[in-house]
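The chain contents come next:
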There are 2 protein chains.
Amino acid sequence: MRVLIIGGAGMVGGKLARRLAGERVLGGREIESISLVDVVEPAVPPGAANVDTVVCDIADPVAMGELLAARPEVIFDLAAVVSGEAELEFDTGYRVNLDGTRQLLEAVRLAPGEYRPRVVFSSSIAVFGPPFPDVIADDQATTPATSYGTQKAIVELLIADYSRRGFIDGIGVRLPTICVRPGAPNRAASGFFSGIIREPLNGQEAILPVARDVRHWFASPRAAVQFLVHAATIDTEALGPRRSLTMPGVSATVEDEIEALRRVAGDAAVALIHEEPDPMIARLVGGWPRAFDARRATALGFVAETDFDEIVRIYVEDELGGLVPPLAERRT
Amino acid sequence: MRVLIIGGAGMVGGKLARRLAGERVLGGREIESISLVDVVEPAVPPGAANVDTVVCDIADPVAMGELLAARPEVIFDLAAVVSGEAELEFDTGYRVNLDGTRQLLEAVRLAPGEYRPRVVFSSSIAVFGPPFPDVIADDQATTPATSYGTQKAIVELLIADYSRRGFIDGIGVRLPTICVRPGAPNRAASGFFSGIIREPLNGQEAILPVARDVRHWFASPRAAVQFLVHAATIDTEALGPRRSLTMPGVSATVEDEIEALRRVAGDAAVALIHEEPDPMIARLVGGWPRAFDARRATALGFVAETDFDEIVRIYVEDELGGLVPPLAERRT
């Protein structure tokens, strides 16, 4: 089996590549090769054989045709301009997030011979916009509040139509907000959800810009990778015509996050969080979903964490080698 | 005020043009000019001044830019490849129904100077697909079962995003199945809904290919034109972020249709309907919506017929000069 990961330089794409390169099987079939594609050079997992990398623009139809020359049986479509950039750069957002994926779908459709790969598309809960109910069900209308969410919702429609017509065997997974994101703080409005866990666990101060009763929908990077792997291997007949699924997750408040941090790393870690209300961030986050009833995905075997403690522990295991640093000493 | 009707050669577009050319005002403002655009030459309403016609391909960006040179304040976007053709001709459907409207939206966005026209988009209840509830609410997910419905749902998302960004002042109206369509029978799977009324009223035999308990959602051509005119003139602030609305209509069974025909035109008309079950049409129609709770549109002042008798009477008034032909004599 050949696997293509478009967006292989991203955080989730990189973790997916490491898992697949390590396990060397997907859905019980041996993986012959993994191609990582991105606009910047993707990292090859250490010690991985049969992993190659391609740097190209996915909105380029010629490049896309070449990527499919090896007829990958599974294509992970993870490439995206993120929400903030798609909002600032209207053309870039549509070109990459809509036209890029459409090029992929068209290249598959127009490929000579019999070719109907599994296409796993990373969608987002950003396809939903206010006003929405406290708990969002699987048949809620997609009414995005951003250009990014609009582009994701449009691709979901394309994935369903191309699958119905038999051109691809597609599935869209609507990822929760991924938490705890590893790496340096970024300026995304959602960044603090990870920052108030990650920075204290690394002995650094963190800013909390919203009230502690703000509630949102989370899954770990490890769960996100598992969603994608599961989506690549399930029987899509069970999806019926609705090819995109809201993934399960943990509905947690900022207070829940803080208390989970306290249980894992103690009061000294929590003391590193400083409340600095930011009305603009509070207003943005106020328009985000708080909880989902993801019963379709759960029935199909998708599994997330059950509480925020587990999300914190996964960060410690996967990013800190399983060790909570001795915070009181590091502050001195 | 300048008005542009894209799809001006179609049935609804032609009726809209005749109404606007006759009234010469829209939303209390005088209409200076009406441009009718289509891939075939649109008919100029008899006696209309200030109506011009343009034959062009709306998917051509150059042509679209020229259409906007006069800066029409209201643009009706009614052009579409119909459902059956979009299903048979995949490329044509996407090129006209998706790329054509996207060219329009892009041409508006990129037009120099301040320009933010009202764009009224004719969407369709085909954005909904099974499984759905007996009565479909305004927040039901759009999960189309056809490429046509997919293209309409995608354009709804674009209309919302371009409006949110301030590039257009857009509104999408999801038209019910238009009944009674005037003119010759066509081969659309939905054609019999009109045919079993129209043909008997014209003294001709009609085929009924489905069971009498089949239920569907209807509005007259006159109501469709009124929806578009109302959409062109309402305060879109009241829409909030959800720019597309399911239009009100009449939920009626085939039996309701037949009994309405009997009340308007008598037993002789009904006797012209012949039941010839067609399993393929029955299967298609079985996947279509039966009724909607269109409370958002109703609250915003959109009004449809209240029963099927009214729909039949409107056909008689608008297409037969108000006279029900003496059917018994015409059959001899």
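Residues numbered from 1 in each chain as written. Chains lettered and ligands numbered in written order. Predicted model: local features only at pLDDT ≥ 70, side-chain atom pairs only at ≥ 80, totals over all residues.

Before going further, it helps to spend a moment on the overall build of chain A. A tally of regular secondary structure across chain A gives 13 helices and 16 strands. Scaling as 2.2 N^0.38, a compact globule of 332 residues should have a C-alpha radius of gyration of about 20 Å, and chain A matches this with 20 Å. Per-residue burial for chain A yields a buried fraction of 48% across its 332 residues. (Helix = DSSP H or I, 4+ residues; strand = E, 2+ residues; numbered from the N terminus. Rg over C-alpha atoms; globule rule 2.2 N^0.38 Å. Buried ≥ 20, exposed ≤ 12 C-beta atoms within 10 Å, placed from the backbone.)

All names here are of chain A. With an omega of 5°, the peptide bond running from C179 to V180 counts as cis. As for its position among the elements, V180 is in the loop between β10 (177-178) and α6 (191-201). The residue R71 is not glycine, and still its phi comes out positive at about 50°. Counting through the fold element by element, R71 comes out in the loop between α2 (61-67) and β6 (74-77). We classify R71 as partly exposed; it has 13 C-beta atoms within 10 Å.

Let us now look at the interface of chain B and chain A. Counting residues at the interface gives 17 residues for chain B and 18 residues for chain A. Per-element tally for the side of chain B that touches chain A: the top contributor is helix α5 (residues 147-164) of chain B, with six residues. Its residues placed into classes, the side of chain B that touches chain A shows seven nonpolar, six polar and four charged. (Contact = placed C-beta atoms within 7 Å. Nonpolar A, V, L, I, M, F, W, Y, C, P; charged D, E, K, R; others polar.)

All names here are of chain B. Strand order in this open sheet of seven strands is β5-β4-β1-β6-β7-β8-β12, and the pairing throughout is parallel. The sheet is open, and its two borders are formed by β5 (51-55) and β12 (244-246), each paired with just one other strand. Across the sheet, the axes of successive neighbouring strands diverge by a mean angle of 20°, strand direction being ignored. With four bridges connecting them, strand β6 (residues 74-77) and strand β7 (residues 118-124) associate as parallel partners. (Pairing = 2+ DSSP bridges. Axes fitted to C-alpha atoms, helices over the stretch in contact; angles between N-to-C directions.)

This part takes up the sheet that holds strand β13 (residues 250-253) of chain B. With respect to topology, three strands assemble into an open sheet ordered β9-β11-β13 (chain B), the strand pairing being mixed. Edge positions in the open sheet fall to β9 (177-178) and β13 of chain B, since each of these has one partner strand only.

Further remarks concern the environment of R222 of chain A. All names here are of chain A. The topology assignment puts R222 in helix α7 (residues 221-233). A count of 19 C-beta atoms within 10 Å places R222 in the partly exposed class. Distance from R222 to R19, taken between C-alpha atoms, is 9.7 Å for residues 203 residues apart in sequence. Those residues in contact with R222 that sit more than four places away from it in its chain are I314 and D318.

Residue and element names in this part refer to chain A. One way to put it is that helix α1 (residues 11-23) packs onto α7 with a least axis distance of 9 Å and a crossing angle of 65°. Judged by the inter-axis angle, α1 sits roughly perpendicular to α7. Crossing angle aside, the handedness with which α1 passes α7 is right-handed. Residues M11, V12, K15, L16 and R19 of α1 lie in contact with α7, whose contacting residues are P221, A224, V225, L228 and V229. When its residues are assigned to classes, the contact of α1 with α7 shows eight nonpolar, no polar and two charged. (Parallel < 35°, antiparallel > 145°, perpendicular 65-115°, else oblique. Left-handed = near helix turned anticlockwise from the far one by under 90°.)

This paragraph deals with helix α5 (residues 147-164) of chain A. Residue and element names in this part refer to chain A. With 18 residues, α5 extends 26 Å between its outermost C-alpha atoms, agreeing within 8% with the 26 Å of an ideal straight helix rising 1.5 Å per residue. Summarising burial for α5: 17 of the 18 residues are buried, a large majority. In the stretch just after α5, G166 is the one whose phi turns positive, near 85°. (Expected span 1.5 Å × (residues − 1).)

A few words on α6 of chain A. Note: α-helices contain 3.6 residues per turn, so residues at a spacing of three or four share the same orientation. Within α6 of chain A, ten of the eleven residues are buried, which leaves the element mostly enclosed by the surrounding structure. Taken together, the buried positions of α6 of chain A are F192, F193, S194, G195, I196, I197, R198, E199, P200 and L201 of chain A.

What connects the two chain copies is a rotation about an axis and a shift along it. Turning chain B through 180° and shifting it by 0.0 Å along the axis lays it on chain A, with an RMSD of 0.0 Å. These values place the two chain copies in the arrangement generated by a two-fold rotation axis. Minimal C-alpha separation from the rotation axis in chain B is found for A141 of chain B, amounting to 1.8 Å. In this assembly, 100% of the residues forming the interface of chain B have copies in chain A that are likewise at the interface, indicating an isologous arrangement. (Least-squares fit on C-alpha atoms with pLDDT ≥ 70 in both.)

On to the domain arrangement of chain A. All names here are of chain A. Under the domain assignment used here, chain A contains domain 1 (2-176 + 218-246) and domain 2 (191-217 + 251-288 + 306-331). Counting residues at the interface gives seven residues for domain 1 and seven residues for domain 2. Its residues assigned to classes, the side of domain 1 that touches domain 2 shows five nonpolar, one polar and one charged. (Domains from an automatic or database assignment.)

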